[in-house]
Amino acid sequence: MSDIRNIVVLTGAGISAESGIQTFRAEDGLWEEHRVEDVATPEAFARDPELVQRFYDTRRAAVQTKHPNPAHEALARLEREWDGSLLIVTQNIDDLHERAGAKNVLHMHGEILNAWCRACDVRSKWTGSLIDAPGCPECGESALRPDIVWFGEMPYEMERIYRALHAADLFVSIGTSGAVYPAAGFVCEAAAAGARTLELNLDRSEGSHHFGESRLGKAGELVPQWVDEVLAAQ
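Residues numbered from 1 in each chain as written. Predicted model: local features only at pLDDT ≥ 70, side-chain atom pairs only at ≥ 80, totals over all residues. Heavy atoms only, no water.

Looking up the protein chain in an unreviewed UniProt entry gives the name NAD-dependent protein deacylase, with the organism given as Qipengyuania atrilutea. Checking UniProt for the protein chain, the heading Function (unreviewed entry) contains the comment "NAD-dependent lysine deacetylase and desuccinylase that specifically removes acetyl and succinyl groups on target proteins. Modulates the activities of several proteins which are inactive in their acylated form." Of the comments in the UniProt record for the protein chain, the one headed Sequence similarities (unreviewed entry) reads "Belongs to the sirtuin family. Class III subfamily." (UniProt positions renumbered as here; feature names shortened; annotations may be inferred.)

### A few points about the side chain of Q91
Tracing the chain through its elements places Q91 in the loop between β4 (85–90) and α6 (96–100). Judged by its relative accessible area of 16%, Q91 falls in the buried class. The contacts of Q91, once residues within four sequence positions are left out, are L10, T11, G12, M108, H109, T176, V180 and A183. (Helix = DSSP H or I, 4+ residues; strand = E, 2+ residues; numbered from the N terminus. Buried < 20%, exposed > 50% of the residue type's maximum accessible area, 1.4 Å probe, protein only. Contact = heavy atoms within 4.5 Å.)

### As for the domain arrangement of the protein chain
Domain boundaries in the protein chain define domain 1 (1–20 + 68–109 + 155–233) and domain 2 (22–65 + 111–148). For domain 1 and domain 2, the distance between their C-alpha centroids amounts to 26 Å. Counting residues at the interface gives 10 residues for domain 1, matched by 12 residues for domain 2. For the pair domain 1 and domain 2, the two sides together bury roughly 910 Å², of which 59% comes from carbon and sulfur. Counting across the domain 1 and domain 2 interface gives zero salt bridges. Along the contact surface separating domain 1 from domain 2 lie four residue pairs in polar contact (both at pLDDT 80 or more). Tallied by class, residues from the side of domain 1 that touches domain 2 come to four nonpolar, three polar and three charged. (Domains from an automatic or database assignment. Buried area = accessible area lost by both parts, 1.4 Å probe. Salt bridge = Lys/Arg side-chain N within 4 Å of Asp/Glu carboxyl O. Polar contact = N/O pair within 3.5 Å; in protein donor to acceptor, adjacent residues only side chain to side chain. Nonpolar A, V, L, I, M, F, W, Y, C, P; charged D, E, K, R; others polar.)

### What about the packing of aromatic side chains?
Scanning the entire structure with this criterion turns up five aromatic pairs. When the ring of F45 is compared with that of W150, the centres are 5.5 Å apart and the planes differ by 45°; the resulting orientation is tilted. Of the two residues, F45 is situated in helix α3 (residues 42–47) and W150 in the loop between β8 (144–148) and α7 (158–167); the sequence distance between them amounts to 105 residues. By relative accessible area, which is 3% here, W150 ends up buried. Here a set of aromatic residues connected by ring pairs shows up, and it is made of F45, F55, Y56 and W150. (Phe/Tyr/Trp six-rings, centres within 6.5 Å; stacked < 30°, edge-to-face > 60°.)

### Side note on the side chain of R145
Relative to the elements of secondary structure, R145 occurs in strand β8. For R145, a relative accessible area of 4% translates into the label buried. Contact partners of R145, with chain neighbours within four places excluded, come to F45, Q53, A115, W116, R118, L130, W150 and E153.

### Some remarks on unusual backbone geometry
Outside of glycine, negative phi angles account for most residues, and trans bonds account for most peptide bonds. Each neighbour pair has its own omega, and for Y181 with P182 the value is 15°, a cis peptide bond. In this fold, P182 is placed in the loop between β9 (170–174) and α8 (186–192). The phi dihedral of D121 falls on the positive side, at around 65°, and the residue is not glycine. Tracing the backbone through its elements, the reader meets D121 in the loop between β6 (110–117) and β7 (123–125). The partly exposed category is assigned to D121, whose relative accessible area is 48%. Residue E157 is not a glycine yet carries a positive backbone phi of 55°. Residue class for E157 comes out partly exposed when judged on its relative accessible area of 44%.

### As for α7
One full turn of an α-helix is made of 3.6 residues, so residues set three or four places apart face in the same direction. If you check which residues of α7 are buried, you get M158, I161, A164 and L165. Around the axis of α7, the buried residues are gathered within 125° of arc, so they sit on the same side. Exposed residues on α7 whose side chains face more than 90 degrees from its buried face are E159 and R163. Buried residues in α7 make contact with β1 (6–11), β4, β5 (105–107), β9 and α8. (Arc of directions from axis to C-beta.)

This is the structure we're talking about:
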């Protein structure tokens, strides 16, 4: 580990599941009893904005009742104590990494505690409801939607992510299915640039065969153990 300076960590739904946040999609293809097509596409929002706003209002309220678990806390500790660079790229829309103390976090799929104004393109912190079409804090227009990357939209800050992957000495994927692109391709991108690759997951992901090493178990147990190893070897 002494030759590792730059670490990129990708986190998915599995790391927040241990805090009681439901994973993105159940085996029956539903997301909290809704078809994904009805609540997670721009077309769904245009067709039935009230349904979509109510769905995300419920999720926004629920996230604020959850708490970081040992995996979130371990990554925040790694950020504080690591001598090199660490970027946490998360597919999750919750703020549990930040509440655990991490600062260098990139939300590629947006943040549930943000509202995006389609009129002035400003994103504002938002903890309440959007169902009654409140005005934007910046411009006053009633054009707010959840700051979530829906199907058919481009994830945020992809150029920055790829730069980090190309500079990484170690890429670690935690709690991801390996089924959703572009994140599922990050391991190949990092490996092609010469990085070591490690998967920490409850079960083998669809992309497990791309990783140099896979460790299976609960994130709340595996991540603190791995962080201890990294910090002890620096």
